[in-house]
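Below are the chains, spelled out letter by letter.
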Amino acid sequence: MSKKLTLNIDDELITFAHSYSQQNGLSISKLFEQYLNRLRSTDQNQELNSKTTTLYGLFQDSPIPDKKLLRTEFHEKDSH
């Protein structure tokens, strides 16, 4: 069952939405509905990749080191 929804959106986004919907032959309502369906179907609990997991929380208790040092340590850890 469809219901009407009123939104307050920035003027530039409204202009973009009108243009995009005309170019793609879809109503703005349909675009918004598709977007929300995509958000709903996206796995919100995606697992981090293993390299990201090894870095997660690494600098919680100390400042982030220089980029060169960080890259060196990351690649050394990865090669073991």
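Owing to the predicted nature of the structure, the values given are computational and were not obtained by experimental measurement.

A.B. asks: Can you walk me through the pattern of salt bridges in this structure?
C.D. replies: Pairing of side chains with opposite charge becomes possible as their charged atoms draw close. Counted under the stated rule, the structure contains one salt bridge. Here Lys30 ties to Glu33 by a salt bridge, and the two come within 3.7 Å at their closest N and O atoms. Residue Lys30 and its partner Glu33 are located together in helix H2 (residues 28-41), separated by three residues, close to a single helical turn. You can call Glu33 partly exposed: its relative accessible area is 41%.

A.B. asks: Whenever I open this one, a nonpolar patch on the surface confuses me. Can you help?
C.D. replies: A cluster of nonpolar side chains, namely Leu5, Leu7, Ile9, Leu13, Ile14, Phe16, Tyr20, Phe32, Tyr35, Leu36 and Leu39, defines an oily patch on the protein surface of about 1,000 Å² accessible area. Among the secondary structure elements, those contributing two or more residues to the nonpolar patch are helix H1 (11-24) and H2. For Phe32, a relative accessible area of 33% puts it in the partly exposed group.

A.B. asks: When you look at the environment of Asn24 in this model, what are you seeing that I'm missing?
C.D. replies: With respect to the secondary-structure elements, Asn24 resides in helix H1. For Asn24, a relative accessible area of 40% corresponds to the partly exposed category. Side-chain polar atoms of Asn24 contact the backbone oxygen of Tyr20, separated by 2.8 Å.

Analysis parameters
- Numbers given to residues run from 1 along each chain, matching the order in which its sequence is written.
- Where totals are concerned, whole chains, interfaces and linings use all residues; where local detail is concerned, this predicted model gives features only for residues with pLDDT of at least 70, and gives and counts side-chain atom pairs only at 80 or more.
- Note that water and hydrogens are dropped before the side-chain values are worked out from all heavy atoms of the structure.
- Salt bridges, as used here, are contacts in which a Lys or Arg side-chain nitrogen is within 4 Å of a carboxyl oxygen on Asp or Glu.
- A run of H or I in DSSP counts as a helix once it spans at least four residues, and a run of E counts as a strand once it spans at least two, with each numbered from the N terminus.
- Here the term buried applies to any residue with accessible area under 20% of the maximum for its type, exposed to any over 50%, and partly exposed to those in between, with areas from a 1.4 Å probe on protein chains only.
- Here a patch means residues that are over 30% exposed by relative accessible area and free of salt bridges, tied together within 9 Å if like-charged and within 5 Å if nonpolar (Val, Leu, Ile, Met, Phe, Trp, Tyr).
- Working definition of accessibility: Shrake-Rupley area with a 1.4 Å probe, residue cover restricted to the visible protein chains.
- Any pair of N or O atoms that falls within 3.5 Å is considered a polar contact. Within protein, one atom must be able to donate a hydrogen and the other to accept it, and sequence-neighbouring residues count only if both atoms are side-chain atoms.

Coordinates in, geometry out; function isn't part of it.
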